[in-house]
Amino acid sequence: MKILLENVTKIFPGRGKGAKEVRAVDNFNFEIPDGKLIGLLGPSGCGKSTTLNLLSGLLQPTEGKIFFGEDEVTNLPAEHRGVGLVFQNYALYPHLTVLQNITFPLENLKGDAKLTKEERVKRATEAAKLVQIENLMDRKPGELSGGQQQRVAIARALVKMTKVLLLDEPLSNLDARLRLQTREEIRRIQKETGITTIFVTHDQEEAMSISDMIVVMKDGLVHQIGKPQEVYDNPTNLFVAKFLGTPPINVFAGKIEDGALYVGEDKLFDVSVDVKPGDVYVGIRPEGFVLQADGPLHCSLSRVEVMGRDMSVVAGHPAFLDASIRAIIASENLAEISGDAVNFDVKPGKVLVFDKETEERILI
């Protein structure tokens, strides 16, 4: 199912006397291709969950239109949109078994869509097999682990033969190992069913690992849309660059002068003569540093954190805008580090430059 959002805006009135209205989603335009998994990504309050609720029909847009395929669903009630919605807290009925929880959405189907008990059980069993919980059908939610409860919630969303699956922070309540396992399961299920899926998360690693495309939002505005690696490699502005990446990008005060890029007083490399001189922000991805004794970037060494295959070199620089630089280097280079100073060369493809006033990307 292709989904189209056309100039979609959602405004909430301010709370209290004289409070300003809140533009939770501001002029959202995007076509979600059929059968893809899309990650809505951004910090808390950016509008991603509001967008999901607009798609589900739980909220109506203040302006704009929403289409499922060729059909406009802007004012269509949630129960008629054919969507499956999985909440952060799973919203399972504690007094019902897994089977009863999964079949619950099928209980009140009317007319030609009405199913017999045998048909409901058959469809629930098929959904349970898809998420690999068919051996838990007689248990109640309290007897299940967090990951198993999450699978029940997904099976309940799929059992209606939905055209669209909406996932609102579905992994937030799981521990780190279970999050990794469950996100892989979500991707497997989406691939097997071919269902168009929108996945809301504030965890950039989560979104980048399983999404076909990501939408990065802030303050109700869409800042960038694209394939995860493309957005990581070519962020449109400083916000996107800082939001994506673990460890985050290292940002320095810099300048373009005499056809070269500087970080503080350290000259990194020459740039195109067409690039306008002036003060800039220079972002260097953690993997963009190269240990080099005579490297152009001169830093003070704080410590080295060895993490098996890699090590994190924690350093300082007068032009750095945060507490400490983190450079990810292969741990086999540990012997090259000594004393209280360290020098780096940089990989030009991992160096991003931004206008100091607008914070928009400058291509160098």
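Residues numbered from 1 in each chain as written. Predicted model: local features only at pLDDT ≥ 70, side-chain atom pairs only at ≥ 80, totals over all residues. Heavy atoms only, no water.

### Topic: the pairing of strand S3 (residues 37–41)
Operational definition: Each residue's exposure class comes from its accessible area (1.4 Å probe, protein chains only) as a fraction of the maximum for that residue type: buried when under 20%, exposed when over 50%, partly exposed otherwise. Helix and strand assignments follow DSSP, with helices taken as H or I runs no shorter than four residues and strands as E runs no shorter than two, numbered in order from the N terminus. At least two bridges found by DSSP between two strands is the condition for calling them paired.
Taken across its five residues, S3 has five buried, putting it largely inside the fold. Because side chains alternate across S3, one face comprises the buried residues Leu37, Gly39 and Leu41, and the other comprises Ile38 and Leu40, equally buried. Across five bridges, S3 lies against strand S8 (residues 196–201) in parallel orientation. Along S8, the bridge assignment pairs Ile38 with Ile198. Sheet analysis places S3 next to strand S9 (residues 213–218), joined by four bridges and oriented parallel. Residue Leu40 lies in a different strand from S9, and its bridge partner there is Val215.

### A short note on the pairing of strand S20 (residues 351–355)
The buried fraction of S20 is high, at four of five residues. Inspection of the sheet shows strand S14 (residues 278–284) paired to S20 by five bridges, in the antiparallel sense. Of the residues in S20, the one forming a bridge with Val282 is Val353. Of the pairings in the sheet, the one linking S20 to strand S21 (residues 361–362) comprises two bridges and is antiparallel in character. Across the sheet, Val353 pairs through a bridge with Ile362, a residue of S21. Hairpin geometry of S20 and S21 is characterised by an intervening segment of five residues between the two adjacent antiparallel strands and by a positive phi of about 65 degrees at Glu359.

### So, the environment of His95
Counted only if it meets this: Should any heavy atoms of two residues lie within 4.5 Å, those residues are considered in contact.
Along the polypeptide, His95 turns up in the loop between strand S6 (83–86) and helix H2 (98–103). Other than its neighbours up to four places away in sequence, His95 contacts Gln100 and Lys140.

### Here we look at unusual backbone geometry
The linkage connecting Thr246 with the following residue, Pro247, adopts the cis geometry, with an omega of -5 degrees. Its location among the elements puts Pro247 in the loop between helix H8 (238–243) and strand S11 (250–257). The residue Asn27 is not glycine, and still its phi comes out positive at about 55 degrees. With respect to the secondary-structure elements, Asn27 resides in strand S2 (residues 22–32). Exposure remark for Asn27: the relative accessible area of 43% places this residue in the partly exposed category. Phi is positive for Gln132, close to 60 degrees, though the residue is something other than glycine. Position of Gln132 relative to the elements: it lies in the loop between helix H3 (117–130) and helix H4 (146–158). Gln132 sits in the partly exposed class, given a relative accessible area of 44%.

### Remarks on the sheet that holds strand S10 (residues 221–226)
Here is the rule we go by: Axis definition: a line fit to C-alpha positions, over the contact stretch in the case of helices; interaxial angles, taken between N-to-C directions, run 0 to 180 degrees.
Strand order in the open sheet formed by six strands is S6-S7-S8-S3-S9-S10, and the pairing between neighbours is mixed. Where the open sheet ends on each side, the last strands, each with one partner, are S6 and S10. Taken over all neighbouring pairs, the strand axes of this sheet differ in orientation by 15 degrees on average, direction set aside. When S6 meets strand S7 (residues 164–168), the two strands line up parallel, connected through four bridges. Bridge pairing in S7 places Gly84 opposite Leu165. Docked against the sheet, helix H5 (residues 176–193) engages S3, S7 and S8, running at close to 140 degrees with respect to S3.

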